[in-house]
Structure formats: structure tokens, C-alpha cells
Amino acid sequence: MTVSLEVAEGVGTLRLDRPPMNALDIATQDRLKELAEEATRREDVRAVVVYGGEKVFAAGADIKEMQAMDHTAMVLRARALQDSFTAVARIPKPVVAAVTGYALGGGCELALCADFRIAGENAKLGQPEILLGLIPGAGGTQRLARLVGPSKAKDLIFTGRMVKADEAKELGLVDRVVPADEVYAQAHAWAAKLAQGPALALRAAKESIDTGLETDLDTGLAIERNWFAGLFATEDRERGMRSFVEEGPGNAKFL
């Protein structure tokens, strides 16, 4: 399989495995969607790491496969392409991308679907589609602009240039830069810590932020308000508040 889902300590690792560069062909895209939806459903998966291995995250789409497609074929495929990435973005649990080596084109777009990005010092990220006479088609024009702002997104997309890990962090494209051999361990640790947290509250926080950013302030506040009130019906809220009163802050156990 080109993508696998392995679960340990409440963390599901979505592992890309299509050597040598983890090119995201149609079969890989479809498998990614399938496993992202599985991670969404599974109660034993409380947080997710997206990882491409020690050498490369994903170097983009399978260009040879795309070259053989005409306009009609891509019209029929483009929605499925976006849907496979959106399935990762909509996992209602904390998701971290563990980025080593190249994360280009579709690889960069996949990292953008995560809530948090940890990059190795050897990482190189970019949206080089313009060099093929194209634009990003798996969410890059939208998620990148929302993450780093329109001017920085246009710089990367208009030029197609790659940025190294330190510049990516400066731009806000990645959140943490660590030695390459520590990327997965740190990503898993981040996810495992959140996997111990209150699952419904984390889901509420993620949906409130993500959905609120796509609408006006008043609607976003209504989304927040509804989730906030709804959490008062949960056992985790009772446990968290009881622990705070009896033991002080930060001692609640949610598992």
C-alpha cells in the first residue's frame, strides 16, 4: 500500500510510502482519503501524524501520470484530488505534519492540511506548479494564503521557488524546525500529548477555529458559542472542572 495507518498511544500515523519521492499519484490520493476517513471514525485514534519517512515528505504529484491527462480527464479528476486532501484537513482531531526533505506541490499542500507542522532542518517546501504552466490544485492557493497571508502566498506561488526550513518558519509555513532525525519523534510526542486531552473539546476548538476563519466574526462567534455551551453536557467538562476545584489546574485525566 502507498499509504498506511498505524496506531500507537492514541496516535494514528498516516505514513506515505511510495519510494523514492512519495509522488502523489491517483491511487495514493484515493488511499489517503480512505485512511483519513478511517482515522476520523476510529475512537482509538485521538490525534494524527502525517509522515513521509526519514528522507522525503512528498515531492508532489506524479507528473508523468498528469502529463497523460487531457482537459476532460482533469475536469473529472480535480474534485477527487481536492477531496483527498480535504479529508485530511477535516479530521476532527489534532493533526501534525512531520516534514522531512522535500514537501513540494501536492506534498506542501498536504502539509497545509495539518493543524501544526514540524519540519526537519533538511526540509524544503514550495508550490512549483507555475513552472509547469499550472497553479496548485489541491488547495494550495487557498490554504497557503490563509496560513501565511496573500502576499507571501503569491510570492511562493508566482515564482514556484523552494524555501528551506528556516525561511519556511519565518514565513509561518512551518511551526517548528528540529534536527531531521528528530522530526517524527517530536511530531508523535506533540500528538500523543494532545491524545490525552478531552476529545470533544479539542474537536470543538478545531471546528470553531477552522469554520470561523471561513466566515464573518458574528457567525464565528455563534459557532464558538454553540460549541462552548454544548460542551457543558460532556463528561470531560465535568471531570475537568471537578479536578480544577479539587486538585488545581492542569491535573485532569480525560482517559
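Reference entry: report on the structure contained in this document. In this text the structure is predicted, and so the values were computed from the model without any measurement.

The rules behind these values
- Residues numbered from 1 in each chain as written.
- Predicted model: local features only at pLDDT ≥ 70, side-chain atom pairs only at ≥ 80, totals over all residues.
- Heavy atoms only, no water.
- Buried < 20%, exposed > 50% of the residue type's maximum accessible area, 1.4 Å probe, protein only.
- Helix = DSSP H or I, 4+ residues; strand = E, 2+ residues; numbered from the N terminus.
- Pairing = 2+ DSSP bridges.
- Right-handed = clockwise from strand over helix to strand, strands pointing away.
- Axes fitted to C-alpha atoms, helices over the stretch in contact; angles between N-to-C directions.
- Parallel < 35°, antiparallel > 145°, perpendicular 65-115°, else oblique.
- Left-handed = near helix turned anticlockwise from the far one by under 90°.
- Contact = heavy atoms within 4.5 Å.
- Nonpolar A, V, L, I, M, F, W, Y, C, P; charged D, E, K, R; others polar.
- Phe/Tyr/Trp six-rings, centres within 6.5 Å; stacked < 30°, edge-to-face > 60°.
- Polar contact = N/O pair within 3.5 Å; in protein donor to acceptor, adjacent residues only side chain to side chain.
- Expected span 1.5 Å × (residues − 1).
- Arc of directions from axis to C-beta.

On to the pairing of strand E2 (residues 11–16), then. Of all six residues that make up E2, five are buried, and the element is covered over most of its length. As paired elements, strand E1 (residues 3–8) and E2 share six bridges and run antiparallel to each other. Within the sheet, the bridge partner assigned to Ala8 lies in E2 and is Val11. Of the pairings in the sheet, the one linking E2 to strand E3 (residues 47–51) comprises five bridges and is parallel in character. The residue of E3 that forms the bridge with Leu14 is Val50. With helix H1 (residues 26–41) bridging E2 and its parallel neighbour E3, the resulting β-α-β unit is right-handed.

It is worth spelling out the packing of H1 against helix H3 (residues 71–89) at this point. Contact geometry for H1 and H3: axes closest at 8 Å, N-to-C directions at 40°. Relative to H3, the element H1 lies oblique. As for the relative orientation of H1 and H3, their crossing is left-handed in sense. Mapping the contact onto sequence places Ile26, Gln29, Asp30, Leu32, Lys33, Ala36 and Glu37 in H1 and Arg77, Leu81, Asp83, Ser84, Ala87 and Val88 in H3. When grouped by side-chain class, the residues that make up the contact of H1 with H3 number six nonpolar, two polar and five charged.

Spatially, the three strands line up as an open sheet ordered E5-E7-E8, and their pairing is mixed. In this open sheet, the two strands that pair with only one neighbour each are strand E5 (102–104) and strand E8 (162–164). Each strand axis lies, on average, 20° off the axis of its neighbour in the sheet, ignoring direction. Relative to strand E7 (residues 124–126), E5 runs parallel, the two sharing three bridges. Within E7, the position partnered with Tyr102 by the bridge is Lys124.

Under the criterion given, the structure shown has three aromatic pairs. On the numbers, 4.7 Å between centres and 35° between planes, the contact of Tyr51 with Tyr184 is tilted. Of this pair, Tyr51 sits in strand E3 while Tyr184 sits in helix H8 (residues 183–195); the two residues are 133 residues apart in sequence, bridging distant segments of the chain. Here Phe116 and Trp190 contribute two aromatic rings whose centre-to-centre distance is 5.0 Å and whose plane-to-plane angle is 5°, an arrangement assigned as stacked. You can see Phe116 sitting in strand E6 (residues 116–120) and its partner Trp190 sitting in helix H8, a full 74 residues away along the chain. A relative accessible area of 17% places Phe116 in the buried class.

A separate point is the sheet that holds E3. If you walk across this open sheet you meet the six strands as E1-E2-E3-E4-E6-E9, and the pairing is mixed. Of all strands in the sheet, those with a lone pairing partner are E1 and strand E9 (176–178), marking the two edges. Taking each pair of neighbouring strands and ignoring which way they run, the sheet shows an average axis angle of 20°.

In this structure, Pro20 follows Pro19 across a cis peptide bond, with omega equal to 0°. For Pro20, the position within the fold is in the loop between E2 and H1. Positive phi, close to 60°, is recorded for Glu9, a residue that is not glycine. The residue Glu9 is located in the loop between E1 and E2 in this model. Here the phi dihedral of Asn22 falls at roughly 55°; this positive angle occurs in a residue that is not glycine. With respect to the element layout, Asn22 can be found in the loop between E2 and H1.

Glancing now at the environment of Gln142. Tracing the backbone shows Gln142 in helix H5 (residues 140–148). Taking the C-alpha atoms as reference, Gln142 lies 9.7 Å from Glu109; in sequence the two are 33 residues apart. In terms of polar contacts, Gln142 uses its side chain to reach the side chain of Thr141, at 3.1 Å.

Here the focus is H1. Compared with an ideal rise of 1.5 Å per residue, which puts 16 residues at 22 Å, H1 spans 23 Å between its outermost C-alpha atoms and is within 8% of the ideal. Thr28, Gln29, Arg31, Leu32, Leu35, Ala36 and Ala39 are the residues of H1 that are buried. Summarising the axial view, the buried residues of H1 lie within an arc of 165°, below the 170-degree limit, and thus occupy one face. Where the residues of H1 are buried, they touch E1, E2, E3, H3 and helix H4 (106–112).

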